[in-house]
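Residue-level listing of the chains:
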Amino acid sequence: MKLKPWIKILIGLALGIAFGLIFQKEYKILTLLGKAFIDLLKMVVGLIVFSSITTGICHIHDPKKLGRIGLRTLIFFAVTTLIAITFAMLLAAWLKPGAGLNLPIPVSDQTGRVTLGVLDFLANIIPSNPFAAFVNSDILQVIVFAVFFAYALILAKDKGKPVLEFLESVSEVMHTLTHVIMKYAPIGVFALIATSVGSIGFKVLLPLGSFLICNYVATILQIVIVFSLCIKFLAKLEIAPFYKGMKDAIVLAFTTSSSSATLPISLECTREHLGISEDISGFVMSLGSTINMNGAAIGQAVASFFIAQAYGIELGPLKIIVLYVTALLSAIGAAGIPGTGIVMLSMVLNAIGLPLEGIALVAGVDRLREMVSSVANVLGDGVAAVYVARVEKQINVEQYHAVTWLE
């Protein structure tokens, strides 16, 4: 029987833990394997972020979709995602899942870190040479360049279409390459975890439970409080029918850990069960499956706090601001497929100056996080579709309230 990728990663995690506990030492070959896996992740981040954000902005500003509905949808996505990040930060700061690990900061991260003021930071995110930004893995500069480049493509109109089509191909190729890299994730996770456990022992294991709890609680709060209140007070509809109507999408998102794979079912749920017009559901749900990742943003924020606490690195006000921005942008730039969260986490860690080696601490349980976060991603899109459709009077209210668990 062919094992699922996430099961292989969990096996790699378990074997790495066992190996590290038994031998209680570091092996150079494992260190090199772990570094190679980290480097593979770093290799794809720049082009994934650039191509995804550029094409995403160009699609958002498609004249056929731009305007009142588009703006309202984007604002809703941004606000709910920022609220999700806030939940995640507060819980991680309170529970402190990574505290007590006291991991030594890698040598590569002990040099070259420069503390910037706010004005210096703002000045430094503008790339004087975009190619240098790619070479130096300065992801914030890559993002800024992507925004300006997308704006220029929009202004170029027809002459910019070949470039846009090329970047769409690049984006697809990079997501395929991510799948290829993630095939080696079990080996990379084994090497990184074996090295970590071998050097510091059993104390690395217990915080993983707290890490998952932080993610789950933040996700549940987002669903139960934020999404439900949006349905009740913004859309002015009953709450229960929404979850009844989205039940098929919830189950598929949980089992596949993929909001993209769930999109066809999500569209069917919003149209057939919730009574939303095809125009609204098609636009909002399709756009949301690409750029509205509440669950993913929660995962980035909790993982960043966890890794910072594990290495004893303080996240000051400026880094918190950067974390808000990068977690939001990583949620926008991430593909709705399993494993992408780990790739995007390297972008977030790089931006706020945390060791990329910390990815090993959370990689093994990332699939367990993704199962729940994917549900939040899909439901966030559904709530946005209901809200926009209600405001635009493109929802059949009678059909919405008539939905049952049996449908």
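Structure shown above.
Computed from a predicted model, the values in this text were never measured in an experiment. (Residues numbered from 1 in each chain as written. Predicted model: local features only at pLDDT ≥ 70, side-chain atom pairs only at ≥ 80, totals over all residues. Heavy atoms only, no water.)

### Structural notes on the overall build of the chain
The condition is simple: A run of DSSP states H or I qualifies as a helix once it reaches four residues; a run of E qualifies as a strand once it reaches two. Both are numbered from the N-terminal end. The cut-offs for exposure are 20% and 50% of the maximum accessible area for each residue type, with area from a 1.4 Å probe on protein chains only; residues under the lower value are buried, those over the upper are exposed, and the others partly exposed. Throughout, a contact is declared for two residues whenever any of their heavy atoms are within 4.5 Å.
Looking only at helices and strands, one finds 20 helices and 0 strands in the chain. Across the 407 residues of the chain, 54% fall into the buried class. Taking as baseline every contact in the chain between residues at least 6 positions apart, the subset at least 24 positions apart corresponds to 83%.

### A word on the packing of aromatic side chains
As a reminder, the rule being used: Any two of the Phe, Tyr and Trp rings considered here, Trp counted by its six-membered ring, make a pair once their centres fall within 6.5 Å; the pair's planes then place it as stacked at under 30 degrees, edge-to-face at over 60, or tilted in between.
Scanning the entire structure with this criterion turns up 8 aromatic pairs. With a centroid separation of 5.7 Å and an interplanar angle of 80 degrees, the aromatic rings of Phe50 and Phe134 are classed as edge-to-face. Residue Phe50 is located in helix H2 (residues 28-60), and its partner Phe134 is located in helix H6 (residues 130-135); the two are separated by 84 residues in the primary sequence. What makes Phe134 partly exposed here is its relative accessible area of 26%. Ring centres of Phe145 and Phe149 lie 5.6 Å apart, and the angle between their planes is 50 degrees; on these two criteria the pair is classed as tilted.

### Points about the packing of helix H15 (residues 294-310) against helix H19 (residues 366-391)
Axis angle and axis distance: for two packed helices, these are the angle between their axes and the distance between the axes, and together they describe the pair. The criterion, for reference: Axis lines are fitted through C-alpha atoms, for helices just across the contact stretch, and the angle between N-to-C directions can take any value from 0 to 180 degrees. For classification purposes, angles smaller than 35 degrees are called roughly parallel, those larger than 145 roughly antiparallel, those between 65 and 115 roughly perpendicular, and all remaining angles oblique. Polar here means any residue other than Ala, Val, Leu, Ile, Met, Phe, Trp, Tyr, Cys and Pro, which are nonpolar, and Asp, Glu, Lys and Arg, which are charged; Gly is therefore polar.
The interhelical angle for the contact between H15 and H19, taken along N-to-C directions, is 135 degrees, at an axis separation of 6 Å. Taken together, the axes of H15 and H19 lie oblique to each other. The residues of H19 that touch H15, namely those facing Asn294, Gly295, Ala296 and Gly299, are Arg369, Ser373, Ala376 and Asn377. Taken together, the residues of the contact of H15 with H19 break down into 2 nonpolar, 5 polar and 1 charged.

### Examining a nonpolar patch on the surface
The line we're drawing: Like-charged residues are merged into a patch within 9 Å and nonpolar side chains (Val, Leu, Ile, Met, Phe, Trp, Tyr) within 5 Å, provided each residue has over 30% relative accessible area and no salt bridge. Each accessible area value is a Shrake-Rupley result obtained with a 1.4 Å probe; residue values ignore everything except the protein chains displayed when judging cover. The salt bridge definition used is simple: a Lys or Arg side-chain nitrogen within 4 Å of an Asp or Glu carboxyl oxygen.
Taken together, the side chains of Ile29, Leu33, Val180, Tyr184 and Ile187 present a nonpolar region at the surface, about 470 Å² in accessible area. Residue position: Ile29 is located in helix H2. On the basis of relative accessible area, Ile29 is assigned to the exposed category, the value being 54%.

### Concerning unusual backbone geometry
With phi around 50 degrees, Lys96 is a residue other than glycine that occupies positive phi space. Note on placement: Lys96 falls in the loop between helix H3 (68-95) and helix H4 (107-110). Its identity as a non-glycine residue notwithstanding, Lys393 has a phi of 55 degrees, on the positive side. Mapped onto the secondary structure, Lys393 falls in the loop between H19 and helix H20 (397-402). Judged by its relative accessible area of 73%, Lys393 falls in the exposed class.

### Here we look at H19
Side chains three or four residues apart in an α-helix point the same way, a direct result of the helix having 3.6 residues per turn. For the record, the criterion: Expected helix span is taken as 1.5 Å per residue step, with the number of steps being one fewer than the number of residues.
Taking 1.5 Å per residue as the helical rise, H19 with its 26 residues ought to reach 38 Å, and the 37 Å between its terminal C-alpha atoms agrees with that figure. Among the 26 residues in H19, 23 count as buried, and that is most of the element. Looking at the residues trailing H19, positive phi occurs at Lys393, about 55 degrees.

### Focus on the pattern of salt bridges
Opposite charge on two side chains permits them to pair, given that their charged atoms come into close proximity. Counted under the stated rule, the structure contains 4 salt bridges. Of the charged contacts in the structure, one is a salt bridge between Arg72 and Glu392, with a shortest N-O distance of 2.6 Å. Placement of the pair is Arg72 in helix H3 and Glu392 in the loop between H19 and H20, with a sequence separation of 320 residues. One salt bridge in this structure joins Lys232 and Glu238, with 3.7 Å as the shortest N-O distance.

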